[in-house]
Structures are given as structure tokens and as C-alpha cells.
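# An overview of the molecular structure
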Amino acid sequence: MYKKYISVLASMALVSAGAMAQNDSIKSSLSPSQPADIGSDKVFSLGETTGAVSVITGNQLNRRNAKDIGNDILGQGSGLISLQGAGRYVDQNPTFYVRGLQTLNDNNTPLFIVDGIERDITSVSPEDVERVEILKDAAATAIYGYKGINGVVVVTTKRGKANTREITISYDHEFRFFAHTPKFVNGYTYGLAINEARQNDWLGVRYLPQELTALKDQTYPELYPNVNWLDETMGSTSHTNKYAIQFRGGTDKFRYYTSINLLTNSGFIAKPNENSGYSTQDKFSRGNVRMNLDIDLTPTTLVKLNIFGSLTENQQPGDRANLWDMIYTVPSAAFPIKGPDGKWAGSDTWAGTLNPVAQSQGAAYYKNHRRALSADLTIRQDLGMILEGLSANVRVAYDNMAKIFENHSKTYVYSVTTPSWPNGAAEPTYTTSIYGVDGEMGSKADPDTYHRYFHFDGGFNYEKKFGDLDLYSQLKWDYEYTDPNGINNTVYRQNVTWWTHLNYKSRYLLDLTLVESGSSRLAPGTKWNFSPTLGLGWVISNENFWSNPDRYLKLRATAGMLNADFLPKDKDGNEVWTYYAQQYVIGGGLYPFDNTWNPWQQTTLGQMATPDPGHEKAYKFNVGVDASPVDGLNVSVDLFKERRKGIWVSSAGKYSSLIGMTAPYENGGIVDSKGIEISADYNKTFGDVTLSVGGNFSYNKNKIVKMMEEPRDYANLVQTGNSVDQLYGLKAIGFFKDDADILNSIPQTFSTVRPGDIKYEDVNDDGVIDANDKVAIGYSTKAPEIFYNFRLGAEWKGLGMYAFFQGTGNYSAVLNTKSMYWPLINNTTISQYAYDNRWTPDHQDALFPRLSSSSNANNYQTSTLWLRNRSFLKLRNIEVYYNLPSKFLKDNLKVVSGAKLYVRAIDLFATSNVPKNDPECYGIDPVNKSVAFGLSVTF
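Positions within a chain are numbered from 1, following the residues in the order the chain's sequence is written. Where local features are concerned, this predicted model is filtered to residues with pLDDT of at least 70; where side-chain atom pairs are given and counted, the filter is 80 or more; whole-chain, interface and lining totals use all residues. As a convention, hydrogens and water are excluded, and side-chain values are obtained from all of the structure's heavy atoms.

## What about unusual backbone geometry?
Test applied: Remark: exposure states derive from per-residue accessible area (1.4 Å probe, protein chains only) relative to the maximum for the residue type, with buried under 20%, exposed over 50%, and partly exposed in between. What counts as a helix is a DSSP run of H or I of at least four residues, what counts as a strand is a run of E of at least two, and both are numbered from the N terminus.
Residue Asn827 is not a glycine yet carries a positive backbone phi of 60 degrees. A residue is classified by how much of its surface remains accessible, and Asn827, at 27% relative accessible area, is partly exposed. Even without being glycine, Lys916 reaches a positive phi, approximately 60 degrees. With respect to the helices, strands and loops of the structure, Lys916 is situated in the loop between strand 40 (910–912) and strand 41 (928–938).

## Examining the pairing of strand 16 (residues 414–420)
As a general feature of sheets, a regular strand has side chains that alternate between the two faces. To keep it simple, the criterion reads: A pair of strands is treated as paired once DSSP finds two or more bridges between them.
By the bridge criterion, three bridges tie strand 13 (residues 344–346) to strand 16 in an arrangement that is parallel. Bridged to Gly346 within strand 16 is Val416. Inspection of the sheet shows strand 16 paired to strand 17 (residues 429–435) by seven bridges, in the antiparallel sense. When the bridges of strand 17 are listed, Thr418 appears paired with Thr431.

## A closer look at the sheet that holds strand 6 (residues 129–135)
Strand order in the open sheet made by the five strands is 1-6-7-4-5, with mixed pairing throughout. On the outer flanks of this sheet lie strand 1 (53–57) and strand 5 (117–118), each paired with one strand and no other.

## Here's the deal with the environment of Val437
To keep it simple, the criterion reads: Pairs of residues are marked as contacts when any of their non-hydrogen atoms sit within 4.5 Å.
Its location among the elements puts Val437 in the loop between strand 17 and strand 18 (444–466). Judged by relative accessible area, Val437 falls into the exposed class, the value being 57%. Residues Val437 and Thr411, 26 residues apart in the sequence, show an inter-C-alpha distance of 6.0 Å. Those residues in contact with Val437, other than ones at most four positions away along the chain, are Thr411, Tyr412 and Val413.

## Remarks on the packing of aromatic side chains
Convention followed: The criterion for an aromatic pair is that two Phe, Tyr or Trp rings (for Trp, the six-membered ring) have centres within 6.5 Å, with stacked assigned to planes under 30 degrees apart, edge-to-face to planes over 60 apart and tilted to the rest.
Scanning the entire structure with this criterion turns up 34 aromatic pairs. Ring geometry for Tyr190 against Tyr207: centres 6.4 Å apart, planes inclined by 80 degrees, an arrangement best described as edge-to-face. Taken together, the residues span a long stretch of sequence, with Tyr190 in helix 3 (residues 187–200) and Tyr207 in the loop between helix 3 and helix 4 (209–217) at a distance of 17 residues. Accessibility assignment for this pair places Tyr190 and Tyr207 in one class, buried. On the basis of an interplanar angle of 15 degrees and a centroid distance of 4.9 Å, the ring pair of Phe790 and Phe805 is categorised as stacked. Separated by 15 residues along the polypeptide, Phe790 in strand 34 (residues 786–796) and Phe805 in strand 35 (residues 799–809) bring together distant segments of the chain. On the basis of relative accessibility, which here comes to 29%, the residue Phe790 falls in the partly exposed class.

## Quick word on the side chain of Asn917
Spelled out, the test is: Here a polar contact means two N or O atoms within 3.5 Å. Within protein one must be a hydrogen donor candidate and the other an acceptor candidate, and residues neighboring in sequence count only if both atoms are side-chain atoms.
Looking at the secondary structure, you find Asn917 in the loop between strand 40 and strand 41. Overall, Asn917 belongs to the buried group, its relative accessible area being 5%. Among the polar contacts made by the side chain of Asn917, one reaches the main-chain carbonyl oxygen of Tyr922 at a distance of 3.3 Å. If we ignore the near neighbours within four places in the chain, the residues touching Asn917 are His180, Met820, Tyr821, Tyr922 and Gly923.

## Regarding helix 3
Our working definition: One less than the residue count of a helix, multiplied by 1.5 Å, gives the span that helix is expected to have.
For helix 3, which comprises 14 residues, the first-to-last C-alpha distance of 20 Å matches the rise-based estimate of 20 Å (1.5 Å per residue) to within 8%. Of the residues making up helix 3, those classed as buried are Gly187, Thr189, Tyr190, Gly191, Ala193, Ile194, Asn195, Glu196 and Ala197. Next to the buried residues of helix 3 lie helix 4 and helix 9 (832–836). One or two positions beyond helix 3, positive phi appears at Trp202, with a value near 65 degrees.

## What about the sheet that holds strand 16?
As a reminder of what qualifies: Axes here refer to lines fitted to C-alpha atoms; in helices the fit is confined to the stretch in contact. Angles between the N-to-C directions go from 0 to 180 degrees.
Spatially, three strands are ordered 13-16-17 in an open sheet, and the strand pairing comes out mixed. The sheet terminates laterally at strand 13 and strand 17, the two strands that pair on one side only. Strand-to-strand twist in this sheet, taken as the mean axis angle between neighbours without regard to direction, amounts to 35 degrees.

Set out below in C-alpha cells:
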């Protein structure tokens, strides 16, 4: 006889920030979790679990009007670090880490599972999601084999309900705005700035006095313009519409959940319709269809079928033109939008192809289509007729994704007007040159990428009660292959898993998992590896000596060893598939008899073979306590430690250059990490008022124990012993005041220094300042060590408010954005902030060095001058809502069983020390904030 959908390792379902939003008690709650993807039907109560798992569910989901579930859970969960991505809507894909950075390998991101299968979460609509679980320790992630070493994020979509019939329709309209936009100087100020920079570089000025006057007075705007490229290219508001309809219900033998979701977003292009018959707007649209079926074919046979399809289209102006890069490049005084002849404008310094308005209106558009179809079928058979408690399951899944591009871009004609001001002339003269071709719109369309994925698993489950002992055991084999775009890069993986759970008297718990994993990525002799994990739990509050049965207390501990099939990466970040073999280089050379060049004449030894290749391993340990000390309060604390060994690193520091070959990659890296996670939530009802308060705090610290580092001349250069992704730079101690200061200071070797350049500390006391004076500064720019969130909620007679905040600590930024902080280099513009805070002889206590018109190797070193504390606190989302009273609906709208009106504000404000920019994404593509209005009706 079948029970509800499975759940074994959700140890923190109500002690996590998400689950604690529910008003269920910690002792009686059931929480579906990890084994949902391995074919079991057993449901364990929360008190039976031993692993470290955080659950986001209930009213924590679908509050951000996000385009996908990844953006929806931004900032949520205990142990999950999530950081916002770029501002452009289609590129808003957060970065995720579970318990921070744990390896020298670039792959620190967790595995994402949707309904038991590894899948892309960027297409999953938040409206379809029932819950999200973060699996953090060895016991919780072991069953995923090689792919679970960095943690696992499990997304479970909604399923049907027996003996019900529901239809839910929702609509949201969202107004999006730029959270931070740069302010660049006007044309006249740019003229002053570039003249000052060139004089600082001992060069002649670019603008004569009369030209500066023309820029200031705008007497000749077509020759000496003042264009606000941001305002001319980008509008102030973008719009997003979300439509969703869900069908949910069924009978005892047939349950269904079906949904249709449509999402459209129009971007910020100011004037996209200045053409005949087409728009150049930066826009995104997606249509999703999902169908989840549960069918009881017989009293002992259950079939689950999931089908999901997604069609996505995004468009942008020109041939993938980066308009923001152009806005950050072209000064206000560079050229007008159009020249005197009415053609798009450019200049001798800035080509007309850099004209952002021309690119946004006159270069047509480029499209990308993404088509994805995924399906999985599970059959579960009760074998109680053979052995009581025995069942079997088989599952097969196939996913297919393809991207197709349409290039409808075109070229355009632009004119270059070159002014001159003859000596003594009252007015300027100019010459005009024409460049480019007024081309036809392109019609090319071809496949861009494709991806295929196949998964099969099958196994047996055994469940039996022996007196006070409950036994659950599962034996499973799974096989998969993934076939991404390219040649010879198909990956095959297999896992054989035996997992056993014991519960004695609901007091003493044990989870034992034994996994043998194989991968085609690894070298011969290392493809198969063994991963054992053990979890223990003690529910103290179920002991006879416990005096208060309404209070809950559980201790748990897990330990285990996990393996990974990561490959080493070259200097460009590409995986090296032939890392373990001797490599040869075939190149050209002179043929000795006739002195002619032969492109295939020489064969030389390249990279050495890896001696005794292995693989990356993680030894994970976790201890935790879950408690409910007072009514309505749930608390959880986890301490964890991990040693990552066998990390692929270059062994160049091990060998002398005399070997004559490139040093091999070896499994020589070791990283230790440790941390603490604390969750606390309080939920209480006082009459008609329900209050909900909660939050999470996590601290993750790591240290490089070994990395096969080459010998260093000075101790300050040694990276071993510091953190992964530790920043290294120079210590800035001020600016050179004048020539005398330069003569009396320690020589700096990066470039010739002048007054206003950055002065650095001679850290190693060798009498010269160079790259050997770099030291560890700040923290990582990739992931914060401290991550926290907290929420506040209240509801009175259907009227409610919910606010969610998220912050970081021990997190660094380097201010190196062009034009914003590093201006004028390579003929870029300059921000008002950089101009106002530059060094001058009259402003020697400035934030930034003197202006330079060309690259300044001394000033643009990574140093403490450019370092900022990236810690921030953000209001991720706030919602005010009203649930219409059920009596009103019953009396007036008999077919409506529920209705909710709401207003939401998303990423409304942030506090940080990153000036004039967003702390999460301080590059050239600004992040968005938004306000949304929505309605949801259930029939």
C-alpha cells in the first residue's frame, strides 16, 4: 500500500527560514525531502532525520515576481549563498554556493535537481514550485555521487490532489527601474578633464579655449555636442507581465497538476520603434507548459509522469550590441547623435559603430530562441506478495534543449564631422566624411547550441517494523549521459547506492549510505570510487526522563567522504580532458635541406603526463541541534567542517624549467573549510493577528592547506595558508605630493610616477616597490564569508504585510569599472564621481589619483586604494496583500474559493560602502528594482 511522496533527510524543514513560516509544530510535522528523487515512497517525520537540510516552502515562495525559481529564492535558505546577477532581464541568473567556497577548482556551485533529475532551473516558473531544499552535508548529498560534492539544491514542483478540483489564475504587472545608474560629466567638463589628463601626461591639450567655450555654451552643437548618452539610449521604465493558470485535482486513482505560464518583459530601450515594421526593443518572452500526473494503475502499481516544455525568445538591438559598454565608453562631447547631414554620427576617435543611439535604433535586431522539452516516467511496484515491505521502482528521463539564433541586424551609414578653428577665425569650419554601408537586414538563422540528457534508475525499497525498531533500506542503480554541444564531450556516469535508515523507539536514529560511483571523465583506473556516509541522531525529548513533552530537542551528527569527477582547468578556465596523458606539440620549422618553412616539420613534447592521476575528495563532518524551547519558537544550530583533498592544481612550482616541458596537473591541492549556521523562527497567533519573525545566519571560513605553490622570494607572497579567492594587492599609503616627494620616496617600478600618482608601501623592505610587495588584502570578491537574512510578517483578518531582508559580511569589492572609477583610459568617458574625487594640486586628500589619458600601470594596480567593503543589507522584497474573506466570496462569488490582491516592491533599497553602484553587481550593467501589482484567484 502506497504512502505519500518520500522524505528522508529534511532535518531542518521547520527550523529553516522557509519552513518556519508555517505554524506546524516541529514534532508533528512531515516534510517531503531528499529521497523524493530516488524512488522511495517512505515518509519520515522530521524527528527521524539526521542530515543537514534547509527547506524553503509555503509563503516563502513566489514573492519576488521573479522570472525563475533561482531568482525567486534569492537570499533565502540556511547555508545557501545566493548573489544577484546582471541587470539585463535575460541575464538575471544568480550565483549560488552551498556553505561558501570549498575548493581551488572553479567549480564551487551546487548541483540543481528538479523533480529528481538534474535540470536547468532558469526555466522553472516559481508558480509551479512546491518547495526547495538545500542539502548541505555528506549524509544528505551522498546519493548524488560525483555531482553532490558541492551541495545540492532540490526543486520539487506541485502535484495533484485527490478528490479535489482547483483552477488558479494569476496576473502580475511589474514596473522595473534601474537601481543605480552612472552619472557621466557633460561635454564641457569632459573637455576640461581630458585636457587636464593630457597635461598630467605631458601631452598637448585636446580642446582649445574657444572649443571649450563652444562645449560650454553649446553654440555649435553639431560640432561640439553635449549628449547624455544614457538618457538618449535608455528609458526610465521597463514592464513585465506574468500570466499563469494552474489546474490541480484528481481522484483517488488519478491526480493531476497542469500549468501554463507566460512571461513577457520589454526592456529599457528609449526609442525602439523608429523603424518601419519592426522593433529594436530589448525584450524577453517565455511560455511554459507543465503536466505532472500520478496514476494508480492497480492497488499495487503507481505511475508518475512529468512532462515540461519551454519556449523562450529574447531580442536585443543590433548584432548583440553591448549598449551599456558604449554608454560607459563614449563621452558626451564625442559626437552628436546625428551629423549636420542627418546621418548617424561618429568621429575620428570614436567610430559611428560605437554610437549607442544608432545601435539601438538603426542596426535592427538579433534574436535567440531556446526550446526545451523534458519528460520522466516512474513506475513503482509493491512487491508485498513476495516479501512484506518490499517494493521496486524504475524511472527513465530524457531532456532535450536547443538554441537557435536569428541575425536580423544591419549596418548603417554614419558621417564623421571634423571641426577646426583656424587662427583668428570667429567661427569654426568643418569637413565631413561618410563611412559604412546602409545594408539590408540579415536573414541568417542557424542552431546555436544543443543539449541532450538521459537518465535511468531502478532499485528496491524495503520497509519493516521489528518491535521498537523501524527499518527502511533502499538499493538503487542509476545511469546517465549528458551530451552538450560539441565533439567528443559526452559524459557517462553511474551510481550504485545502498541507503539504510534505522529508528529505534523514535529516539535513536541512524542513516548509512554506501555509494559506488563511476564517471567517464576520470582517468583509467580512477573512474570508479567509493563514498560512505553515516548519520546519527538522538531525539532527547522522546526520552522517558524528559519532563516537558511539548518541548523538542534533537542532537544529530553526520560524517562521510564524497568524491568528484572534476577536471583540471587551463589558464583560460577551460577543462583539460587529456590532462593525464603525455601531450605533444606539432609545429612549423625550417626544412634543413632547402631552408623552406614546413608547418608540420616539428614535433615536440608538450605537457608532461600526470603521474598517478586521481580525483578530488571531500571529507565532511556536521553536528547539529534542533530545538523548540518555547511555544512557537524553533531554533537550529549546525557546526560543520570539511577537508577537500586531491584538488587538481598545476605542479609548475614542483618542477624546474629545465625539464623542457609544461608541468602536469596533479591532485596536490588541499583546502579546509568550516563554519556555523544558526536559524531561529517565531510564529504566534494573538486573536485575529498572526505574527511571524525569523532569520538565518551563516559563517563560512576556508584555508588553503596545500596548492603545490612555487617557492616565493618573500613571505608576503605566499598564498598557502590564506583563503580561496583571497585578494592580493599593494598597500596604498597616499599620493605623491610633488616632484620632491617622488625624489625622496622609494622607487616604484610599474611606470614613471608623477605628482598625484599612488604611493605604495615597501612591504618586503627591499628598497624597491614592485609586484613582490603585494600582500593579502580584504576578503574574497566571489563569495562572502557571512550571509544572513531575516523576515517580518503580520496578518490581521486577511490583510497582511511581509518583508524579507538579506545581507552579507566579510566581502570585498575592487573599484575597477571603466569610466566610473577608472576614467579616460583608451578614450573612455569619466563619471562625475571620479571627476569630483580626483587628485589635483589643490585637492591632495582625494579618493582617487590624478587623471591620466592613457593606461597608467602604477595607479591601476590592485591595491587598498581601490578596495571597498562589499558588505551590504538589502530589502529583497516587501509585500502588502489582502486575502478576500471566504464568507464574502461564498456569498457573492460562489465559484471563487480564494482571491488575493497584492502589491510588491523588489530590491527596493540597499545599504553598502560601494559608492554610486550596486554592491552585488557593480559592473556596467545596472541591476533593477521594481514594483509589482498582482491578483490571484482560485476557483
